[in-house]
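As a plain string of letters, each chain reads:
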Amino acid sequence: TPAYAAPEQFRGGSLGVPTDIYQFGVLMFRVLAGTSPYEMDEDAENFATAVCDLPPRRLGAAWTEPTGLTHRRLERQRRADLERIVACCL
């Protein structure tokens, strides 16, 4: 689906392990924050523009939103570790 597509999928590039890692990062972001790593509406063309041209939001920033986990629910070091993992995937 466009919501989980990697930049190379939108650009028609070759797919491989990096594509899977990127998609895993999007899934982790959604599970941990309750939202997409990109600020966009649900139009497939907007997904392509956001994923290919915009940097993803930081997980820590999304945690402060009402739909995401709060800082009190995660211990500080684990938050930092998770944020680095998701950022690396994306």
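Everything quoted here is computed from the prediction, not taken from an experiment. (Residues numbered from 1 in each chain as written. Predicted model: local features only at pLDDT ≥ 70, side-chain atom pairs only at ≥ 80, totals over all residues. Heavy atoms only, no water.)

Trainee: Outline helix α2 (residues 17-33), listing residues and values.
Mentor: Between its first and last C-alpha atoms α2 spans 24 Å; for 17 residues at 1.5 Å apiece the expected length is 24 Å, and the two agree. T19, Y22, G25, V26, M28, F29, L32 and A33 are the residues of α2 that are buried. Of the residues flanking the end of α2, it is G34, one or two places downstream, whose phi is positive at about 75°. (Helix = DSSP H or I, 4+ residues; strand = E, 2+ residues; numbered from the N terminus. Expected span 1.5 Å × (residues − 1). Buried < 20%, exposed > 50% of the residue type's maximum accessible area, 1.4 Å probe, protein only.)

Trainee: Could you give an account of the pattern of salt bridges, with specific residues and numbers?
Mentor: Oppositely charged side chains can form a pair if their charged atoms are brought close together. One pass over the structure, following the stated rule, counts two salt bridges. The closest approach of N and O atoms between E83 and R58, which form a salt bridge, is 2.8 Å. Of this pair, E83 sits in helix α5 (residues 76-89) while R58 sits in the loop between α3 (44-53) and α4 (59-63), placing them 25 residues apart in sequence. In this structure, D81 engages R84 in a salt bridge whose closest nitrogen and oxygen atoms are separated by 2.5 Å. Highlighted residues: D81 and R84, both in helix α5, separated by three residues, approximately one helical turn. (Salt bridge = Lys/Arg side-chain N within 4 Å of Asp/Glu carboxyl O.)

Trainee: Describe the nonpolar core, and please don't skip the residues or the numbers.
Mentor: Membership of the largest hydrophobic core is limited to eight residues, which are M28, F29, L32, A33, L59, A62, W63 and V86. At the level of secondary structure, the elements contributing two or more residues to this core comprise α2 and α4. Ranked by the residues each element gives to this core, the list is headed by α2, at four residues. By size, the runner-up hydrophobic cluster in this structure holds six residues, among which are Y22, Y38, A50 and V51. (Core = buried A, V, L, I, M, F, W, Y, C linked by side-chain atoms within 4.5 Å.)

Trainee: Any details on the state of the cysteines? Residues and values, ideally.
Mentor: Scanning the entire structure with this criterion turns up zero disulfides. The thiol sulfur of C89 is not disulfide-bonded, and the nearest other cysteine sulfur, from C88, lies at 6.0 Å. By relative accessible area, which is 13% here, C89 ends up buried. (Disulfide = S-S within 2.5 Å.)

Trainee: Go over a nonpolar patch on the surface with me, naming the residues and quoting the values.
Mentor: Together, F24, L27 and V31 line one region of the surface with nonpolar side chains, adding up to about 300 Å² of accessible area. Structurally, the position occupied by F24 is in helix α2. (Patch = residues over 30% accessible without salt bridge, like charges linked within 9 Å, V, L, I, M, F, W, Y side chains within 5 Å. Areas by Shrake-Rupley, 256 points an atom, 1.4 Å probe, with all protein chains shown as cover.)

Trainee: Talk me through the environment of N46; I want residue IDs and the actual numbers.
Mentor: Along the polypeptide, N46 turns up in helix α3. Taking the C-alpha atoms as reference points, N46 and P2, separated by 44 residues in sequence, lie 9.4 Å from one another.

Trainee: Describe the confidence of the model for the chain, and please don't skip the residues or the numbers.
Mentor: Counting all residues, the mean pLDDT for the chain is 82, and 80% of those residues have values of 70 or more. At the low end of the mean pLDDT range in the chain sits α4, at 78; at the high end sits helix α1 (residues 7-11), at 91. (pLDDT = per-residue confidence, 0-100.)

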